[in-house]
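# Coordinate analysis (summary)
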Amino acid sequence: MTDAARTTTAPLAEPTARPRTVALRPFGLDGARTGPISAVTGFLLIAVWFLVSHYRLVTPLFLPAPGEVAAQFIAILEDGYAGATLGEHVSASLLRILAAALIAASLGIPLGLAMGLNRWAKGVLDTPIEFYWPLPPLAYLPLMIIWLGIGEVSKIALLTLAMFAPICLSAQAGLRSLPIERVNAALSLGATRWQLFRAIVLPSALPEILTGLRIAIGVGWSTLVAAELIAATRGIGFMIMSASHFLATDVVFVGIGIIAAWAFAFSYGMRLLESWLVPWKGKT
Amino acid sequence: MLRVQNASVFFPGRDGGVIHALDRASLDIDANSVVVALGASGCGKSTLLNAIAGFLPLSDGRITLDGQPVERPGADRGVVFQKDTLLPWKSVLDNVALGLDFAGLPLRERRDRAAELLRLVGLEGFAKSAPHELSGGMRQRVGIARALATDPKILLMDEPFGALDSLTREQMQELLIDVWARTGKRIFFITHSIEEALFLGTTVVVMSPRPGRIVARFDLDFVRRFAAERDVRAILSDPAFGDLHNRIRDLVHRPHHATVHRGETLQ
């Protein structure tokens, strides 16, 4: 036997339980689990909150104790706030956000796609959209009220404007990301213009559109307080603003908690919607 | 017959100049033939294919398919791209059936036809898979099946195996010959591999860059021999194969001089 043959039959490692598996050294997070760390962080933040309020390190006017906030939440849940039940406040806000999202999506998606396809649509619509969308909604809130009154219309219009831009821009981005080979492939398979749009363009743009929708929902929640700033009698944003006038910090905390919970639920729902509608995202 | 007559293409260049991408190319693709365009990058072979597919208008010249001028893309010319263009949201079966969907065939019918084509390319077990679950070679098989589904008059293949590893590539070449032998489709195939050109083409046109031009044309029978005998080694070890390989290599590497010096089969 030669040396070379012997090396191939070198004694194998002991057949222990399981060999040490390895992977390429990652850069950045690379999908590492962060859930437990986040949970512990949340727990610690609440613990700090407890301690700070327990030892009165901050006056309760600025930072109410967790117990007070919980008690206030239950009180509002049972007795309502400012003449309306908690359910009415929440549903008023939800209705505004959902109505605005529906309007913004049904305008933003077709207009964004049109802007990606047509020179005139892009040329005409680009000017007003590029002008208004960097503006903070609070800046044009007074105009909404002057033009549309103090009812629901101005509130929904404000939210719609805030949500329209990200949806419209994402629909354009979706069209830009469409590879020309995919279009050519469809045309050489005999697609008509409409078939091309329905079978290729729209589904190709859908992942970007859904991302835009998710951003828009987030923008909607962050604009909600502004929308309910003036002449509202219902809504979570109204509740917060109203409570702040009476320095009812615990109510403000309850309102913030409710908005955070709903915003989180919406964001989670959008993620579910994405995994249902565009399961192929990132797998091409 | 697909006929390309004096096709020229100019692209806009920098500083107001023009790039002469294709210079008076003429080409006939008869029934049951595989015409392979071979050349280095920039020689205009993809430009020629894009023009035949109808993706690119000609600056000058004309292309006709069975007498009808080619002006736009259409289902009478099936295209297989180098990069796979499968739709990630559709199953393999529905990707193959896409052209039949556009043609308005009922669901049952198009699924039956697509399943038949998947058998032809050896993917019968993958009808329900998603494209991203397949390897590169398998995706190109789906691409071939999809292009065949609408029963085109010609199959246009733009370096379809260029991105595959060499082992998969050999399998795909044999598969393509099988498909060709069984369907009798005429094929226009682009490659920069001399061996692939010799192995697949009933006709090989050699192209040279700047301006893109057809400089030589060879009529071969290796592909028919392979279809009949299925003996790769006999073909690769044939002295004629090696000889042609060397001659074409010279043409590709020194195209301008070679055009002048070689008497045979030049255009």
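Rules used throughout
Residues numbered from 1 in each chain as written. Chains lettered and ligands numbered in written order. Predicted model: local features only at pLDDT ≥ 70, side-chain atom pairs only at ≥ 80, totals over all residues. Heavy atoms only, no water. Helix = DSSP H or I, 4+ residues; strand = E, 2+ residues; numbered from the N terminus. Rg over C-alpha atoms; globule rule 2.2 N^0.38 Å. Buried < 20%, exposed > 50% of the residue type's maximum accessible area, 1.4 Å probe, protein only. Contact = heavy atoms within 4.5 Å. Areas by Shrake-Rupley, 256 points an atom, 1.4 Å probe, with all protein chains shown as cover. Lys, Arg positive; Asp, Glu negative; His and termini not counted. Charge placed at Lys NZ, Arg CZ, Asp CG, Glu CD. Buried area = accessible area lost by both parts, 1.4 Å probe. Salt bridge = Lys/Arg side-chain N within 4 Å of Asp/Glu carboxyl O. Pairing = 2+ DSSP bridges. Axes fitted to C-alpha atoms, helices over the stretch in contact; angles between N-to-C directions.

### Quick look at the overall build of chain B
Scanning chain B from terminus to terminus reveals 11 helices and 10 strands. A globule of 267 residues ought to have a C-alpha radius of gyration of about 18 Å, and chain B, at 19 Å, matches this closely. Expressed along its principal axes, the backbone C-alpha trace of chain B runs to roughly 60 × 50 × 35 Å. The proportion of buried residues among the 267 residues of chain B is 53%. Pairs at least 24 residues apart make up 66% of the contacts formed inside chain B by residues separated by at least 6 positions. Accessible surface computed for chain B: about 12000 Å², of which carbon and sulfur atoms make up 47%. Of note, chain B has its 34 positive side-chain charges centred 3 Å away from the centre of its 33 negative side-chain charges.

### Thoughts on the interface of chain A and chain B
Listed by partner, the interface residues are 19 residues for chain A and 21 residues for chain B. Taken together, the two surfaces of chain A and chain B that pack against each other cover about 1800 Å², and 71% of this comes from carbon and sulfur. Three residues, A:Ser188, A:Leu189 and A:Trp280, lead the burial of chain A against chain B; their summed loss comes to 35% of the area buried on that side. There are one salt bridge connecting chain A and chain B.

### Let's talk about the sheet that holds strand 3 (residues 34–38) of chain B
All names here are of chain B. Judged by pairing direction, the sheet is mixed, and its six strands sit side by side in the order 6-7-8-3-9-10 without closing on themselves. Single-partner strands in this sheet number two, and they are strand 6 (77–80) and strand 10 (213–219). Pairwise comparison of adjacent strand axes, ignoring direction, gives a mean angle of 20° for this sheet. The pairing of strand 6 with strand 7 (residues 154–158) spans four bridges and is classified as parallel. Among the inter-strand pairings, Gly78 is bridged to a residue of strand 7, identified as Leu155. Contacts from helix 6 (residues 166–183) reach strand 3, strand 7 and strand 8 (186–191), with the element oriented near 160° to strand 8. Each of strand 3, strand 9 (203–208) and strand 10 is contacted by helix 10 (residues 239–253), which is oriented at about 175° to strand 10, the strand it contacts most.

Shape is all these values report; function is a separate question.
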